[in-house]
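Notes for the structure review
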Amino acid sequence: MTTAAPPSTNAPESGAPEAPGRLHRAVRAILTRRELLLVILLVVVLVWMTTLSYGGYLTGPYDPDYLSAALVDAVPLAMLALAELLVIVSGRGGIDLSIGAIVSLTGMVFGFAHGLWGWPVLAAIGLAILVGGLLGAVNGVLVAWLGFPALITTLATYYAYKSLAIVINDQKPISTPSIQSLYSMTEAVEIPVIGRNIPNVPLGVFTFLVPTVVLVWLLLARTTYGRRLFAIGTNDVAATWSGVHVAKTRLLAYVLAGVLAGVVAVYVTGQFASARPDAGTSGNGLALPAITIAVLGGVAITGGIGRVSGVLLAAVLITWLNAGILLLFEGNNGSQFQLLALGAVLVFCALLNAYTIRRYGGTR
């Protein structure tokens, strides 16, 4: 009797999945690691705009000096995008449309305190932070405790805060000498040791943005509150059964967002050398670009997913893209095409986030 030879060990087993190809792995890495995608997009924008600059298609040089100077606009956008990160991660449709109006109103309060009442700058900053936190708490109470939809709630408070900022000083900005002296907070400075070899960097990057990035990262990655925030954003019912106070955790996210808006109000007051009633709402405002940056940075609009590093890279990408668009078109056309690019980016990143969550379970 003959014995059948055993099957070859080199043959693939029936029903065994084939190893994913290199292209599949590369696509998955780009989609699930948002920082990698943002770095690629950033390189594409820089190469594209630099090529146009050398070809004479831009109205000015798109060079390192111009890019460094443009970072003055990245500071408030990145900080407000981090504020949006906190509220969006909290889940249940968390979003804050009023954050630009909070910047306007707290900026006017800061202008009154430091510019008209003669308060020391640190005391005035403390007041702006306190007012920002209180305005954020109003949003938090309505959303977290009373259960109002965040979109409608923050849209309503946007109108309320914006109108208060306008009427509080009869539509007039506050631009006293003490306020004008704050412009030095946003001036470009030379970095020690290596500063001679690179362009000067706006001071606000070091005094406002870097501390905010570090504090928000520590809050989300190294504290119990950060773990609770991600937990309620992922599944607030499960978080409740785990002993997490969902309403309190979500409320604090809106308070912290208001605090960050108060800090941004101080920065933009120095940037404009004036406390303006429309500082956070003029043009397309600060809220929509901040939300766009947060979503582009990998923050899932459904909640529970988001990273500080992605938001920071997205802020730089949007800032340098806008800077290039201003040079690509003459006159006011540049600002209009900025809005077009912002809308296109928002649609793109929303679709990308939805696909990534459905296909791979979200970004890392």
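Source: prediction; values computed, not measured.

Comments concerning the overall build of the chain
If you tally the helices and strands in the chain, you get 13 helices and two strands. By the burial criterion, 50% of the 364 residues in the chain qualify as buried. Restricting to contacts in the chain with at least 6 residues of sequence separation, those with at least 24 account for 74%. Accessible surface, the chain as shown: approximately 18000 Å² in total, 66% of it carbon and sulfur.

Notes on the layout of surface pockets
In this structure, the largest pocket encloses a volume near 720 Å³. Of all the secondary-structure elements, those providing two or more residues to the lining of the largest pocket are α3 (64-89), α10 (246-272), α12 (308-328) and α13 (333-360). Grouping the amino acids of the lining of the largest pocket by side-chain chemistry returns 14 nonpolar, nine polar and two charged. Reported here for the second largest pocket is a volume of approximately 230 Å³. Taken together, L86, T207, F208, P211, T212, L215, V216, L219, L256, V259, L260 and V263 make up the full set of residues lining the second largest pocket. Put simply, the parts of the chain that give the lining of the second largest pocket at least two residues each are α8 (203-222) and α10.

A word on helix α9 (residues 224-241)
Helix length check: α9, at 18 residues, gives a terminal C-alpha distance of 16 Å against a target of 26 Å (1.5 Å per residue), a shortfall beyond 12%. The largest bend in α9 is about 130°, located at N235. When we look at burial in α9, the residues that qualify are Y225, G226, L229, I232, G233, D236 and A239. Against the buried residues of α9 lie α3, α8 and α10.

Quick notes on the environment of T302
Secondary-structure assignment places T302 in the loop between α11 (287-296) and α12. For T302 and A70, which are 232 residues apart along the polypeptide, the C-alpha to C-alpha distance reads 32 Å.

Some thoughts on a nonpolar patch on the surface
On the surface, F206, V210, V214, L215, W217 and L218 cluster together into a nonpolar patch covering about 530 Å² of accessible area. By secondary structure assignment, the location of V214 is in helix α8.

Brief notes about the confidence of the model for the chain
When pLDDT is averaged across the chain, the result is 89; 93% of the residues are at 70 or more. In this model, residues 11-19 is a region of pLDDT below 50 whose contacts with residues beyond four sequence positions or in other chains number zero contacts.

Section: the packing of aromatic side chains
Counted by the stated rule, this structure contains six aromatic pairs. With a centroid separation of 6.0 Å and an interplanar angle of 50°, the aromatic rings of W117 and W119 are classed as tilted. Ring-pair connections join several aromatic residues into one group, and the members of that group are F112, W117 and W119. The ring of F272 carries the charged tip of R276 above its face, separated from the ring centre by 4.3 Å.

What about unusual backbone geometry?
The phi angle at R92 is positive, at roughly 55°, despite the residue not being glycine. Relative to the helices and strands, R92 resides in the loop between α3 and α4 (99-116). Of the residues examined, R92 reaches a relative accessible area of 60% and is grouped as exposed. The backbone phi angle of Q171 is positive, close to 65°, even though this residue is not glycine. If you trace the backbone, Q171 turns up in the loop between α6 (150-167) and α7 (177-180). Of the residues examined, Q171 reaches a relative accessible area of 58% and is grouped as exposed.

Quick word on the pattern of salt bridges
A complete count under the given rule lists four salt bridges for this structure. Here E35 makes a salt bridge to R307, at a shortest N to O gap of 3.5 Å. Residue E35 is found in helix α2 (residues 34-54), and its partner R307 is found in the loop between α11 and α12; the two are separated by 272 residues along the sequence. For E35, a relative accessible area of 17% gives the class buried. You can call R307 partly exposed: its relative accessible area is 40%. Between D236 and R250 there is a salt bridge; the shortest N-O distance is 3.7 Å. In this pair, D236 sits in helix α9 while R250 sits in helix α10, placing the two residues 14 residues apart along the sequence. In this pair, the class of D236 matches that of R250, namely buried.

What about the packing of α3 against α10?
The contact between α3 and α10 brings their axes to 8 Å, and the two run at 170°. Between α3 and α10, the angle is such that the two are roughly antiparallel. When α3 is examined against α10, the residues V72, D73, V75, P76, M79, L80, L82, A83, L86 and V87 are found in contact with a partner set consisting of A253, Y254, L256, A257, L260, A261, V263, V264, Y267, V268 and Q271. When the residues that make up the contact of α3 with α10 are grouped by side-chain class, the tally is 19 nonpolar, one polar and one charged.

Here's the deal with the side chain of Q338
The topology assignment puts Q338 in helix α13. With a relative accessible area of 17%, Q338 lands in the buried category. Excluding residues within four positions of it along the chain, Q338 makes contact with N322, A323, I325 and L326.

Calculation notes
Residues numbered from 1 in each chain as written. Predicted model: local features only at pLDDT ≥ 70, side-chain atom pairs only at ≥ 80, totals over all residues. Heavy atoms only, no water. Helix = DSSP H or I, 4+ residues; strand = E, 2+ residues; numbered from the N terminus. Buried < 20%, exposed > 50% of the residue type's maximum accessible area, 1.4 Å probe, protein only. Contact = heavy atoms within 4.5 Å. Areas by Shrake-Rupley, 256 points an atom, 1.4 Å probe, with all protein chains shown as cover. 1 Å grid on protein atoms, 1.4 Å probe; cavity = no way out; pocket = protein on both sides within 12 Å on 5 of 7 lines; lining within 4 Å. Points joined across faces, edges and corners; volume = space filled by probe spheres on them. Nonpolar A, V, L, I, M, F, W, Y, C, P; charged D, E, K, R; others polar. Expected span 1.5 Å × (residues − 1). Bend = angle between axes of the 7 residues up to and from the residue. Patch = residues over 30% accessible without salt bridge, like charges linked within 9 Å, V, L, I, M, F, W, Y side chains within 5 Å. Salt bridge = Lys/Arg side-chain N within 4 Å of Asp/Glu carboxyl O. pLDDT = per-residue confidence, 0-100. Phe/Tyr/Trp six-rings, centres within 6.5 Å; stacked < 30°, edge-to-face > 60°. Lys NZ or Arg CZ within 6 Å of the ring centre and 35° of its normal. Axes fitted to C-alpha atoms, helices over the stretch in contact; angles between N-to-C directions. Parallel < 35°, antiparallel > 145°, perpendicular 65-115°, else oblique.

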